[in-house]
Every structure is written in C-alpha cells, then in structure tokens.
Amino acid sequence: SQTIHQWPATLVQPVGSPLSLECTVEGTSNPNLYWYRQAAGRGLQLLFYSVGIGQISSEVPQNLSASRPQDRQFILSSKKLLLSDSGFYLCACGTGFVYGYTFGSGTRLTVV
Amino acid sequence: DAKTTQPTSMDCAEGRAANLPCNHSTISGNEYVYWYRQIHSQGPQYIIHGLKNNETNEMASLIITEDRKSSTLILPHATLRDTAVYYCIVSMDTGRRALTFGSGTRLQVQP
C-alpha cells in the first residue's frame, strides 16, 4: 500500500513570502496526485491534480501553482503568499484501483 | 459525479451503533458510493465503498438501498475515537478521478 509523506507539518509565513510544500509517495508508481486545501471550519477544496510527470490541472484560479518533477513527487508553490492562503493543505494519491485515496498528514499553513 | 446530501451533524452514545445516512438520488449505474472520515487536523481516511451490494469490513458496514438512491454507513460500536466528519462521495473510480468532498456529517460520540 502507498504511503504519503508531507512536510512540514506546520508553517507560519509572512504575507508576500514564497511557499514550497512537498509531497512524496512511496509504495506505488504512476499515481494520480492531488493537492487539497481546507480552510478553517470548511470542507476540502481540490486545488490541483496530476496524472503524470509535468502534467498539472488546476481546479480553481488562485495564487498557487503546482509542479510534478518526478513520478512520486508533487510540489505546491507560491511566489507571494496572501492572508487568504492560510489553511490546511493535504496531498493525496490515487492509483486507479477502487479503494480510494490515501492522504498525507497535511501541512497547516498560517500566513501572518 | 452525483451529488450527495448528508445531515450536518449527529450524536451517538459510546458503545452504540452509529448510523450515518446519505442521499444520492442522481447516482448513475457505474458510480460507487465511498465513505471517508476526517478526524480533526488529520487527512481523510478511507472507510468503505460499495456499488450495489452491502459491504462490511473491519471498520464499518455499508448498506445501499435497492434503488441505490441512498445509503447508510454503520459503525457497529462507536467509540470516542470515531468522533470525526464523515464524507459520503459518489464517483465512478477514485483512482483516476479527483474526488469532490462535500460538507459531510460531523459525528460526535458522547461518553
């Protein structure tokens, strides 16, 4: 079964600073990878998904971008953070079998 | 993916069965019903899924009505650790499609 590593667990960044969150996957190859965000007290919002290296689809217009430089690596970035970028960021992996996603443990980002 | 409707919140006494309903009246024939839960400050966790037949695993049971327009997730003996938000999702195949999470049901297990 696959394992997702996300880091850091918590992050406090000033407005206007850059962001880089990394997610790596073990135990599978050629997975679909996803970034979700959860604002405080809200549901999960899909931000990006990737079906392969260099292939990124964006679900909502925003201040963030994603990249997939390797098969099992997914990176979420921003050049200049906004206060509204605060939230709980989750990376997820799907492998094409009908057993659902595996989620990482998440990064709680606070932009101050 | 078909839309789902769940109650906003539910309470359950510890040790009793928790029955969480979900309506998915527009479900199509090739869509599965999935259940996930999210314990506070953690990533969602897969619980169970089904297509037509009732399913049971070590965590829960899933009862799907014959017309497939609704389902119920059953936690047979709820514990305090089952307090979480439970999401019912309808999708054809979660591996290659992005799952859409609704608001879910916040289950509070009371001591």
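Residues numbered from 1 in each chain as written. Chains lettered and ligands numbered in written order. Predicted model: local features only at pLDDT ≥ 70, side-chain atom pairs only at ≥ 80, totals over all residues. Heavy atoms only, no water.

A covalent bond bridging the sulfur atoms of two cysteines is what the word disulfide describes. For the structure shown, the criterion picks out two disulfides over all chains. Each disulfide pairs two cysteine sulfurs, and for Cys23(A) the partner residue is Cys91(A), the sulfurs being separated by 2.0 Å. Judged by the torsion about the S-S bond (-65°), the Cys23(A)/Cys91(A) disulfide is left-handed. Of this pair, Cys23(A) sits in strand E3 (residues 19-26) while Cys91(A) is found in strand E9 (residues 87-94), placing the two residues 68 residues apart along the sequence. What makes Cys23(A) buried here is its relative accessible area of 0%. Classification of Cys91(A) as buried rests on a relative accessible area of 0%. A sulfur-sulfur distance of 2.1 Å marks the disulfide that ties Cys22(B) to Cys88(B). (Disulfide = S-S within 2.5 Å. Helix = DSSP H or I, 4+ residues; strand = E, 2+ residues; numbered from the N terminus. Buried < 20%, exposed > 50% of the residue type's maximum accessible area, 1.4 Å probe, protein only.)

Quick look at the pattern of salt bridges now. Residues and elements named next belong to chain B. Under the defined criterion, the tally for this structure stands at three salt bridges over all chains. Across the salt bridge formed by Arg37 and Asp82, the nearest N and O atoms sit 2.7 Å from each other. Taken together, the positions of Arg37 in strand E3 (residues 32-38) and Asp82 in the loop between strand E7 (70-75) and strand E8 (84-91) put the pair 45 residues apart, joining distant regions of the chain. Residue Arg37 shares its accessibility class with Asp82, and that shared class is buried. (Salt bridge = Lys/Arg side-chain N within 4 Å of Asp/Glu carboxyl O.)

Here we take up the packing of aromatic side chains. Describing an aromatic ring pair means giving the distance of the ring centres and the angle of the ring planes. Considering all chains together, one arrives at 13 aromatic pairs over all chains under this definition. Residues Tyr101(A) and Phe103(A) carry aromatic rings whose centres are separated by 5.8 Å and whose planes lie at 50° to one another, so their mutual orientation is tilted. Residue class for Phe103(A) comes out buried when judged on its relative accessible area of 10%. Between Phe103(A) and Tyr36(B), the ring centres sit 6.4 Å apart and the planes meet at 85°, which makes this aromatic pair edge-to-face. A residue pair is termed interchain when its members come from two chains, as with Phe103(A) in strand E10 (residues 102-103) and Tyr36(B) in strand E3. Three or more aromatic residues link up through ring pairs in this structure, and these residues are Tyr34(A), Tyr36(A), Tyr49(A), Tyr101(A), Phe103(A), Tyr36(B), Tyr46(B), Tyr87(B) and Phe101(B). Here Arg108(A) stacks its cationic end above the ring of Phe88(A), 4.5 Å away from the centre of that ring. (Phe/Tyr/Trp six-rings, centres within 6.5 Å; stacked < 30°, edge-to-face > 60°. Lys NZ or Arg CZ within 6 Å of the ring centre and 35° of its normal.)

Residues and elements named next belong to chain A. Structurally, Ile53 is set in the loop between strand E5 (44-52) and strand E6 (55-58). Given a relative accessible area of 51%, Ile53 falls into the exposed group. Taking the C-alpha atoms as reference points, Ile53 and Asp71, separated by 18 residues in sequence, lie 5.5 Å from one another. Excluding anything up to four places from it in sequence, Ile53 contacts Arg68, Pro69, Gln70 and Asp71. (Contact = heavy atoms within 4.5 Å.)

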